Amino acid sequence: MPLIDSFVVDHTVMPAPAVRLAKIMKTPHGDEIEIWDLRFIKPNTGMMPEKGLHTFEHLFAGFMRDHLNEPGKVEVIDISPMGCKTGFYMSLVGVPSGENVRKALLASMQDIVALPKDFKIPAANPLQCGSYKLHSLAEAQDLASMVLEQGVVITDSADIMLSPDKLKDLE
């Protein structure tokens, strides 16, 4: 089985919070699809809390679209949490700069922090959500505040790539 892109970078040196262009694919029509690693927690040092992560997911995808989408240039396809609970993957059509992704992420964090404490979480009901009771706006806002306090760097995959020899040792 081939290694997925995330498994060829060294998670022990991966910074967070950070944005990283993880992969570029081309559609049969030549459009570029980019996969971005949006890392909030340094791997193997902690995880996003379950309820906060879920609420964050409901909010983050919409805010990122608000700040990153440009008609005819860039459109977010999907933003999904990582199984390790340290970040999200974002798939998009188009070619934004790392700086534009970083700025959109920071603006999204500001949007989440600015929500009133009694804000009604979108789609947090049994008809639209598979775990509608598993939410915490306070935890999501704590995560967004932490990202804003720490800042966000742009990581180059080449800087954290595992060597071929190291990958062979790990087989």
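Scroll up a little and you will see the structure.
To start, this report covers the structure provided alongside it. Numbering of residues begins from 1 in every chain and follows the order in which that chain's sequence is written. For a predicted model such as this one, the threshold for reporting local features is a pLDDT of at least 70, and the threshold for listing and counting side-chain atom pairs is 80 or more; totals across whole chains, interfaces and linings nevertheless cover every residue. Side-chain calculation: all heavy atoms of the structure are included, whereas hydrogens and water are not.

### Focus on the overall build of the protein chain
Put simply, the rule reads: The numbering of helices and of strands both runs from the N terminus, where a helix is a DSSP run of H or I of at least 4 residues and a strand a run of E of at least 2. The quantity called the radius of gyration is restricted to C-alpha atoms. Its globule counterpart is 2.2 Å times the number of residues to the power 0.38. Type-normalised accessible area, obtained with a 1.4 Å probe on protein chains alone, sets the label of each residue: buried when under 20%, exposed when over 50%, and partly exposed for intermediate values. Note on contacts: a residue pair qualifies if any of its non-hydrogen atoms lie within 4.5 Å across the two residues.
Per the secondary structure count, the protein chain includes five helices and five strands. For the protein chain, the sequential pattern of α-helices and β-strands runs β-β-α-β-β-α-α-β-α-α. Taken over the C-alpha trace, the protein chain has a radius of gyration of 17 Å; the compact-globule value for 171 residues is 16 Å, and the two agree within 12%. Seen along its three principal axes, the alpha-carbon backbone of the protein chain occupies a region of about 50 × 40 × 30 Å. Burial statistics for the protein chain: of 171 residues in total, 40% are counted as buried. Summarising the internal contacts of the protein chain: among those between residues at least 6 apart in sequence, 68% fall at separations of at least 24.

### A look at empty space enclosed by the protein
To find leftover empty space, a probe the size of one water molecule is rolled over the atoms. Inclusion rule: The distinction between a cavity and a pocket rests on a 1 Å grid over the protein atoms alone: a 1.4 Å probe fits inside a cavity but cannot get out, while a pocket stays open yet meets protein on both sides within 12 Å along at least five of seven lines, and a residue with an atom within 4 Å of a point counts as lining. Grid points are joined across faces, edges and corners, and a volume is the space filled by probe spheres set on the points. As a working rule, the residues Ala, Val, Leu, Ile, Met, Phe, Trp, Tyr, Cys and Pro are called nonpolar, Asp, Glu, Lys and Arg charged, and the rest polar, with Gly in that last group.
One pass over the structure, following the stated rule, counts one cavity of 30 Å³ or more. What the largest cavity holds in volume is close to 30 Å³. Lining the largest cavity are Met 14, Pro 15, Ala 18, Val 19, Arg 20, Asp 37, Arg 39 and Thr 155. Counting residues per element, the ones that place at least two in the lining of the largest cavity are strand S1 (18-26) and strand S2 (32-39). Residue contributions to the lining of the largest cavity peak at three residues, all from S1. Grouping the amino acids of the lining of the largest cavity by side-chain chemistry returns four nonpolar, one polar and three charged.

### Description of the sheet that holds strand S5 (residues 153-155)
Short version of the rule: Strands pair, by our definition, only if DSSP identifies at least two bridges between them. Axis definition: a line fitted to C-alpha atoms, over the contacting stretch in the case of helices. Angles run 0 to 180 degrees between N-to-C directions.
The five strands are arranged S3-S4-S2-S1-S5 in an open sheet whose pairing can be described as mixed. Of all the strands in the sheet, just strand S3 (75-81) and S5 have a single pairing partner and so form its edges. On average, each strand axis in the sheet is inclined to that of its neighbour by 25°, with strand direction left out of account. By the bridge criterion, seven bridges tie S2 to strand S4 (residues 87-93) in an arrangement that is antiparallel. Each bridged residue has a counterpart across the sheet, and for Trp 36 the counterpart in S4 is Met 90. On the sheet, helix H1 (residues 50-68) packs against S2, S3 and S4 and is oriented at approximately 165° with respect to S3.

### Side note on helix H2 (residues 98-114)
Just so we agree on the cut-off: Between the first and last residue of a helix there are one fewer steps than residues, each counted as 1.5 Å, and that sum is the expected span.
With 17 residues, H2 should cover 24 Å at 1.5 Å per step; its first-to-last C-alpha distance of 24 Å lies within 8% of that length. All of the buried residues in H2 are Gly 98, Val 101, Ala 104, Leu 105, Leu 106, Ala 107, Ser 108, Met 109 and Ile 112. Against the buried residues of H2 lie S1, S2, H1, S4, helix H3 (137-150) and S5.

### Some remarks on the pattern of salt bridges
For clarity, the cut-off: Here, a salt bridge means any Lys or Arg side-chain nitrogen found within 4 Å of an Asp or Glu carboxyl oxygen.
In this structure the tally under the stated criterion is four salt bridges. Of the charged contacts in the structure, one is a salt bridge between Glu 99 and Arg 102, with a shortest N-O distance of 2.9 Å. You can see Glu 99 and its partner Arg 102 sitting in helix H2, three residues apart, about one turn around the helix. Connected through shared salt-bridge partners, Arg 20, Asp 37 and Arg 39 make up one network.

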